[in-house]
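Tertiary structure, described
Spelled out, the chains give:
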Amino acid sequence: MSFAKWIGGALGWSFGGPIGAIIGLALGSFVDNLTDSGTPLIGDRQAGRQRDTYRKTPNYGQRTSRPQTQSGDFEVSLLILASIVIKADGKQDQRELDFVRQQFTNMYGKDRANKAFELFKRITKQNISTRQVCLQIRQMMDHASRLQLLHFLFGIAKADGLVTEDELRQIYTITGYLGISNRDFESIKAMFYNSSDNAYKILEIDKSVSDAEVKKAYRGMAKKYHPDRVGHLGKEHQEGAEAKFRQVQEAYEHIQKERGFK
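Residues numbered from 1 in each chain as written. Predicted model: local features only at pLDDT ≥ 70, side-chain atom pairs only at ≥ 80, totals over all residues. Heavy atoms only, no water.

1. A few points about the nonpolar core
The tendency in soluble globular proteins is for nonpolar side chains to be buried side by side. Counting 73 residues, the largest nonpolar core has I80, L81, F104, I123, I137 and L203 as the members making the most contacts within it. If one sorts the elements of this core by residue count, helix α4 (residues 71–86) sits on top with 10 residues. There are two domains that each give this core at least three residues, and those are domain 1 (1–31 + 69–180) and domain 2 (193–261). Setting aside residues no more than four positions away along its own chain, F104 makes contact with E75, L78, L79, G109, A113, A116 and F152. (Core = buried A, V, L, I, M, F, W, Y, C linked by side-chain atoms within 4.5 Å. Buried < 20%, exposed > 50% of the residue type's maximum accessible area, 1.4 Å probe, protein only. Helix = DSSP H or I, 4+ residues; strand = E, 2+ residues; numbered from the N terminus. Domains from an automatic or database assignment. Contact = heavy atoms within 4.5 Å.)

2. Topic: the side chain of S83
Mapped onto the elements of the fold, S83 is located in helix α4. Residue S83 is classed as buried on the basis of its relative accessible area, which comes to 0%. Once you skip the residues sitting within four places of it in the chain, S83 turns out to touch F120, I123, T124 and I128.

3. Some points on the packing of aromatic side chains
Counted according to the given criterion, the structure contains seven aromatic pairs. Aromatic pair F99 and F152: ring centres 6.0 Å apart, planes at 45°, arrangement tilted. Placement of the pair is F99 in helix α5 (residues 94–108) and F152 in helix α8 (residues 143–158), with a sequence separation of 53 residues. F152 gets classed as buried once you look at its relative accessible area, which sits at 8%. With a centroid separation of 4.1 Å and 10° between ring planes, the pair formed by Y218 and Y252 is classed as stacked. One end of the pair, Y218, is in helix α12 (residues 211–224); the other, Y252, is in helix α13 (residues 235–259), and 34 residues separate them in sequence. Of the residues examined, Y218 reaches a relative accessible area of 19% and is grouped as buried. For Y252, a relative accessible area of 11% corresponds to the buried category. An aromatic cluster is built from F154, Y172, F185 and F192, whose rings are joined through pairwise contacts. One Lys or Arg, K189, reaches over the ring of Y193 and ends 5.5 Å from the middle of that ring. (Phe/Tyr/Trp six-rings, centres within 6.5 Å; stacked < 30°, edge-to-face > 60°. Lys NZ or Arg CZ within 6 Å of the ring centre and 35° of its normal.)

4. Details of the packing of α4 against helix α9 (residues 165–177)
If you want to describe how two helices pack, look at the angle between their axes and the distance between the axes. Interaxial distance between α4 and α9 falls to 9 Å at its minimum, and their mutual angle equals 145°. On α9, the residues that touch L81, I84 and V85 of α4 are E167, Q170, I171 and I174. (Axes fitted to C-alpha atoms, helices over the stretch in contact; angles between N-to-C directions.)

5. Description of the packing of helix α7 (residues 130–140) against α9
For the pair α7 and α9, the least separation of the axes is 8 Å and the interaxial angle reads 45°. With respect to α9, the axis of α7 lies oblique. Handedness of the α7/α9 crossing: right-handed. Residue-level inspection shows T130, R131, C134, L135 and R138 of α7 in contact with α9, the latter providing Q170, I174, G176 and Y177. (Parallel < 35°, antiparallel > 145°, perpendicular 65-115°, else oblique. Left-handed = near helix turned anticlockwise from the far one by under 90°.)

6. Observations regarding α5
With 15 residues, α5 should reach 21 Å at 1.5 Å per residue; the first-to-last C-alpha distance of 21 Å fits that figure. Taken together, the buried positions of α5 are E96, L97, V100, F104, M107 and Y108. The buried residues of α5 occupy an angular sector of 105° when projected down its axis, which confines them to one face. As for α5, its buried residues are in contact with α4, α6 (110–123), α8, α9 and α13. Positive phi shows up at G109, right after α5, with a value of about 90°. (Expected span 1.5 Å × (residues − 1). Arc of directions from axis to C-beta.)

Here it is in C-alpha cells:
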C-alpha cells in the first residue's frame, strides 16, 4: 500500500482544520522528497490534489454534530500530540521516539507503523498550536477516545523512566484543551506513578470512603474505561484500551486485599 493511499483512505474529520494543515505540510514534504529522489509515490497532479486537500481549513468550529472518529483520525491525533509532548522538555529522547514507534508497531503492524513514523518525524519539525489542535480533537472526538489519547501521552513521557515537570505541565495543558476533567487526569496519571494511594486515585476516590463507595467507584470506572468504548476505532485500539482497563481492575483488587473485602 502506498503512503498516499494509506493516509488518504484512513482519515475522516482530520482532513480539515489545523490538523489538516499540519498533515498537509508533512505529507507535501514527504511527497516532494520522494519525487526529488526519483521515487514516484503518486503522480504529480494527484500529489498536488492531496496536499491541497490537507491544507484546506474549513470553519470546523461551526459543526453541529460529532462525526464518528475513524482509526486514521485517532492515529494522526496521536502523532501530533506525541510530537508536542516529546518536545516539551526541549529535547527528543531516543527512548521516547522508540516508544512511539513500538506502540504503533504493536497497534498497526510494521508496515503501517513505518509510514506513521515517517510522518511523525516531519510533524515534529513544525511549530504546532497546541490549543488549536486540541480544540479540533475535542469537538470531533468522543470522550473515551480522548482518554485513550491521554493514556498514550503519559506512556510516551514515562518511556525514558521519568515524567519531567515540563512534560507533566504540557500533558496537563493538553488535558484542559481536550475537555478532560482533573479527576480523569489524576486517574490516568496515577497509572504511571508509584505511591501508597495510587489505587484510590485511579478509581477517583479518597481513602476515607466506605467499602460500598469503593465498589460503586470501581463499577463506574470499569464502565468508563471498558475497551468496548473505543470499539469503533478498531481492534488495534481496543487492545491499547485493555491495558488501561486492567489497571483499573488491579487498583480495585489492591484495595480489596488491603481492606479485606470481596
